[in-house]
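# Chains, contacts and geometry: an overview
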Amino acid sequence: MELQAVNTNGTTNGRRDRVEAGLMAVVEAEEERDACQQAFDKLKVEHRGLNAEHDALRLAHARLQTEVEQYRHDRDQAVEKRARADALIDALAVLLEKHRVPSLQSELDAAMAQATTSVAPSG
């Protein structure tokens, strides 16, 4: 009987130890699960924030692209306007050259003639 009580007592203690160890493992697993869930929730919040920032950056990028395209369009118009102005200036220069050369040459000849007559040769 005494032997049987030791076996029963030993088995009971062994079983209790296993149950306690199992319960401790469950508690540790639940704590780890809860910690992981908290970390996951924190990451989800961070992910939502990063997505919002990403969307804001996309919107800003699209706005800047539109602005750049408008600047390019304005530049192209200015270049075209400048080319037309240069062509007009060149055409006016040609016209002025055709009409002013004879009159300038006659003015130059008259000035030279007057300069030679006003300076009398000494002799």
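Calculation notes
- Residues numbered from 1 in each chain as written.
- Predicted model: local features only at pLDDT ≥ 70, side-chain atom pairs only at ≥ 80, totals over all residues.
- Heavy atoms only, no water.
- Helix = DSSP H or I, 4+ residues; strand = E, 2+ residues; numbered from the N terminus.
- Buried < 20%, exposed > 50% of the residue type's maximum accessible area, 1.4 Å probe, protein only.
- Areas by Shrake-Rupley, 256 points an atom, 1.4 Å probe, with all protein chains shown as cover.
- pLDDT = per-residue confidence, 0-100.
- Contact = heavy atoms within 4.5 Å.
- Salt bridge = Lys/Arg side-chain N within 4 Å of Asp/Glu carboxyl O.
- Patch = residues over 30% accessible without salt bridge, like charges linked within 9 Å, V, L, I, M, F, W, Y side chains within 5 Å.
- Polar contact = N/O pair within 3.5 Å; in protein donor to acceptor, adjacent residues only side chain to side chain.

Scanning the protein chain for helices and strands turns up one helix and zero strands. Across the 123 residues of the protein chain, 0% fall into the buried class. When the accessible surface of the protein chain is totalled, it reaches about 11400 Å², and 61% of it is carbon and sulfur.

In the predicted model, the protein chain carries a mean pLDDT of 86, and 82% of its residues have values of at least 70. When the criterion is pLDDT under 50, residues 1–7 qualifies, and its contacts beyond four places in sequence or with other chains add up to zero contacts.

Taken as a whole and judged by the stated rule, the model has seven salt bridges. In this structure, Glu67 and Arg63 form a salt bridge, with 4.0 Å as the shortest nitrogen-oxygen distance. Taken together, the residues span about one helical turn, with Glu67 and Arg63 both in helix H1 (residues 2–118) at a distance of four residues. Residue classification places Glu67 among the partly exposed positions, given a relative accessible area of 32%. In this structure, the salt-bridge partner of Glu80 is Arg84, at a minimum N-O distance of 3.0 Å.

What follows concerns a nonpolar patch on the surface. On the surface, Leu88, Leu92 and Leu95 cluster together into a nonpolar patch covering about 280 Å² of accessible area. Along the polypeptide, Leu92 turns up in helix H1. Exposure remark for Leu92: the relative accessible area of 44% places this residue in the partly exposed category.

All right, on to the environment of Asn13 then. Along the chain, Asn13 falls in helix H1. Of note is the side chain of Asn13, whose polar atom sits 2.7 Å from the side chain of Arg16.

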